[in-house]
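Residue strings, one per chain:
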Amino acid sequence: MMRRVVITGIGCVTPLGNDIDTMWRNVLDGDCAIAPTTLFDARTFPTQFASEVRQFNHMDYVPEAFRKGHEVVSRNSGFMIGAAMQAWKMAGLPFPYSTENELPEAGRIGVYLGAGEGPADFEPFVAAITQSWDKEKQDINWQHWCELAFSKMDLQREMEQETNMPVSHIARLFQLRGPSIGCLTACAASTQAIGEATELIRNGQVDMMLTGGAHSMINPLGVTGFNRLTALSTRNDDPKTSSRPFDRTRDGFVLAEGAGALVIEEHECAIRRGANILCEIIGYGSTADAFRVTDQHEDGRGGIAAVQMALKDAGVTINDIDYISAHGTGTAENDSIETKVIRSVFGERAYQIPVSSVKSSLGHLIAAAGVTELITCILAIRDQIIPPTINLNTPDPDCDLDYVPNVSRKAMVHTALSNSFGFGGQNNTLIIRKYEDISAS
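Presented here is a report on the structure given in the accompanying data block. Keep in mind that this is a model prediction, so the values were computed, not measured. (Residues numbered from 1 in each chain as written. Predicted model: local features only at pLDDT ≥ 70, side-chain atom pairs only at ≥ 80, totals over all residues. Heavy atoms only, no water.)

Focus on the sheet that holds strand 7 (residues 180-183)
Strands belonging to one sheet form pairs held by backbone hydrogen bonds; the direction of such a pair is parallel or antiparallel. Taken together, the 10 strands give an open sheet; going across it, the order is 7-4-8-9-1-10-16-15-11-12, and neighbouring strands pair in mixed fashion. Two strands bound the open sheet, and with one partner strand each, they are strand 7 and strand 12 (355-356). Examined bridge by bridge, strand 11 (residues 323-325) and strand 12 share two bridges and lie parallel to one another. Bridge assignment links Ile324 to a residue of strand 12, and that residue is Val355. Contacting strand 10 (279-288), strand 15 (415-422) and strand 16 (426-434), helix 10 (residues 301-314) runs over the sheet at an angle of about 145° to strand 10. Its contacts with the sheet place helix 13 (residues 369-383) against strand 1 (5-13), strand 8 (208-216), strand 9 (257-266), strand 10, strand 11, strand 15 and strand 16, and it is angled at close to 60° to strand 9. (Pairing = 2+ DSSP bridges. Helix = DSSP H or I, 4+ residues; strand = E, 2+ residues; numbered from the N terminus. Contact = heavy atoms within 4.5 Å. Axes fitted to C-alpha atoms, helices over the stretch in contact; angles between N-to-C directions.)

Observations concerning the packing of helix 3 (residues 122-131) against helix 4 (residues 142-152)
It is the contact of helix 3 with helix 4, at a shortest axis distance of 9 Å, that shows an interaxial angle of 155°. Considering their axes alone, helix 3 and helix 4 lie roughly antiparallel with respect to each other. Crossing hand, helix 3 versus helix 4: right-handed. Across from Pro124, Ala127, Ala128, Ile129 and Gln131 in helix 3, the residues of helix 4 making contact are His144, Trp145, Leu148, Ala149 and Lys152. Here the contact of helix 3 with helix 4 is built from residues that sort into seven nonpolar, two polar and one charged. (Parallel < 35°, antiparallel > 145°, perpendicular 65-115°, else oblique. Left-handed = near helix turned anticlockwise from the far one by under 90°. Nonpolar A, V, L, I, M, F, W, Y, C, P; charged D, E, K, R; others polar.)

Focus: the state of the cysteines
Applying the stated criterion to the full structure yields zero disulfides. No disulfide involves Cys183; its sulfur sits 12 Å from that of Cys187, the nearest cysteine. For Cys183, a relative accessible area of 12% corresponds to the buried category. No disulfide involves Cys279; its nearest neighbouring cysteine sulfur is the one of Cys377, lying 8.8 Å away. Taking the relative accessible area as the measure of exposure, Cys279 reaches 0% and is therefore buried. (Disulfide = S-S within 2.5 Å. Buried < 20%, exposed > 50% of the residue type's maximum accessible area, 1.4 Å probe, protein only.)

Remarks on the nonpolar core
Ile7, Leu262, Ile264, Ile375 and Ile432 are the most contacted members of the largest nonpolar core, which totals 49 residues. Going through the elements one at a time, strand 1, helix 1 (20-28), helix 7 (189-202), strand 9, strand 10, helix 13, strand 13 (385-386) and strand 16 are the ones with two or more residues in this core. When residues of this core are assigned to their parent elements, the largest contribution, nine residues, is made by helix 13. (Core = buried A, V, L, I, M, F, W, Y, C linked by side-chain atoms within 4.5 Å.)

Some words on the environment of Pro179
The topology assignment puts Pro179 in the loop between helix 6 (165-174) and strand 7. Note on Pro179: relative accessible area 25%, which makes it partly exposed. When the C-alpha positions of Pro179 and His364 are compared, they lie 28 Å apart, and in sequence the two are 185 residues distant. For Pro179, the residues in contact, after removing those within four places along its chain, are Gly110, Val111, Leu200, Val206 and Met209.

A closer look at helix 13
Relative to the 21 Å expected for 15 residues at 1.5 Å per residue, helix 13 spans 21 Å between its end C-alpha atoms, a close match to the ideal helical length. Helix 13 sits mainly inside the fold: 13 of its 15 residues count as buried. One or two positions beyond helix 13, positive phi appears at Gln384, with a value near 55°. (Expected span 1.5 Å × (residues − 1).)

Regarding the packing of aromatic side chains
This model, assessed by the stated rule, comprises 11 aromatic pairs. Between the aromatic rings of Phe246 and Tyr403, the centroid separation amounts to 4.1 Å while the plane-to-plane angle is 10°, which identifies the pairing as stacked. Of the two residues, Phe246 is situated in the loop between helix 8 (220-228) and strand 9 and Tyr403 in the loop between strand 13 and strand 14 (409-410); the sequence distance between them amounts to 157 residues. With respect to burial, Phe246 and Tyr403 carry one shared label: buried. Grouping aromatic residues by their ring pairs yields a cluster made of Phe66, Trp88, Phe95, Tyr97 and Phe174. (Phe/Tyr/Trp six-rings, centres within 6.5 Å; stacked < 30°, edge-to-face > 60°.)

Some thoughts on the pattern of salt bridges
Inspection of every chain in the model, using the stated rule, returns 18 salt bridges. The partner of Glu199 in a salt bridge is Arg202, and the shortest N-O contact between them spans 2.8 Å. Of this pair, Glu199 and Arg202 both sit in helix 7, three residues apart, which is roughly one turn of that helix. Given the relative accessible area of 24%, Glu199 is considered partly exposed. Where Asp383 meets Arg382, a salt bridge forms, and the shortest distance between an N and an O atom there is 2.8 Å. (Salt bridge = Lys/Arg side-chain N within 4 Å of Asp/Glu carboxyl O.)

Examining the side chain of His58
Here His58 shows up in the loop between strand 3 (49-50) and helix 2 (75-90). According to the relative accessible area criterion, His58 is buried, its value standing at 9%. Dropping the residues within four chain positions of it, His58 is found in contact with His70, Glu71, Val73, Gly78 and Ile81.

Concerning the pairing of strand 8
By the criterion of burial, strand 8 is predominantly enclosed, with nine of the nine residues buried. On strand 8, burial covers both faces: Met208, Leu210, Gly212, Ala214 and Ser216 on one face and Met209, Thr211, Gly213 and His215 on the other are all buried. Both strand 4 (residues 109-115) and strand 8 contribute to a ladder of seven bridges, which runs parallel. Within strand 8, the position partnered with Gly114 by the bridge is Gly213.

Re the side chain of Glu338
Counting through the fold element by element, Glu338 comes out in helix 11 (residues 332-346). Here Glu338 occupies a buried position and makes no salt bridge, while the nearest side chain of opposite charge, Lys359, is found at 7.1 Å. Within the structure, Glu338 has its side chain in polar contact with the backbone nitrogen of Gly328 (distance 2.8 Å). Beyond its immediate sequence surroundings of up to four residues, Glu338 is in contact with Phe246, Ala326, His327, Gly328, Asn419 and Phe421. (Lys, Arg positive; Asp, Glu negative; His and termini not counted. Polar contact = N/O pair within 3.5 Å; in protein donor to acceptor, adjacent residues only side chain to side chain.)

Structural notes on helix 10
Relative to the 20 Å expected for 14 residues at 1.5 Å per residue, helix 10 spans 20 Å between its end C-alpha atoms, a close match to the ideal helical length. Those residues of helix 10 that fall on the buried side of the exposure criterion are Gly302, Gly303, Ile304, Ala306, Val307, Ala310, Leu311 and Ala314. The elements touched by buried residues of helix 10 are strand 10, helix 11, strand 15 and strand 16. Among the residues trailing helix 10, Gly315 stands out with phi positive, at a value near 70°.

Written out as structure tokens, the structure reads:
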């Protein structure tokens, strides 16, 4: 029999709050974190606003005796440390880790994160390029570039750009010696990390995983890339209403940053140690469109397959889903295709299921989006309330579902489904449900 997997701890660092309670209250109130960019001078960019994490210092979360080796981190690694510490504490686990009180060996606990690259150390990087340019040859003098780079760039900051660094920090800080894995499947990364971490527990390879994701692309290179793809909203005159999932006037997503973390574990392990179980993970589906680098297939074939796979894996039907947390980016293509996916899988039932996108409030956390949105599903089940899709004022005939416009809604939520559809045609779906101790009945 496949082992059950439950969630016992959650934590987050987001533009709407650096802890679970603050973030959730602000999301339910329909607040918005989007404002003019302050992390760099964006005045010459087509998009001059973003959704930034503010008033955050990762060292506030790390006991002084354990700070060595974690002093200099990229923004995404710092966010991940804060979120992971919150989840670890909520799960009732000791720090530093010990194996007393029915806890698994450290080798039976792993880390799986969907984490993005750290931002480049931009100013010394650009200075090395510009100062080594040979105008006569119209080329870079690479010997001079190397000399400048070695003199101007910081070794630790350069290393912190690598996508493996959030995983490395978490494994070392928590002294977890099980599987240590990272993935970067664009906007679906942290959902994939949670799904594959769940499979490791189900299959008996580990008993517990610290999973989730982190990302920060609010930097000149990140914004340039998305602007060149025409993926970002350019409503510089009104940043607060710029993220408009499913609205007919939507013009792109809003770049955000942050991290989310879950402690997930085998059900019997959680019972033995007396953990407070928040939810159970019951279904996971993962597919690829195999279509284009950035575009989804126009028929939504990958998304349809991922949702169907998750339903089958969970052993539930379309009638069991009470809420859908949409990927809902606010781009013209994504929102209409995701609506098509939901209609295709759920048929007429699609019109009875509340669907919402918290990217309208938080912005798009890229690799960290999936875990943050799954956390809102956990809280929706806990509190029996559905977060709204704000800035939804102009209906789109291609997006005709119940998107919970502008105001949160009390509702019975037993089972929730969360979609993440990433660039490159990566589609991941998770299904969670309210915890029931069926072994006691």
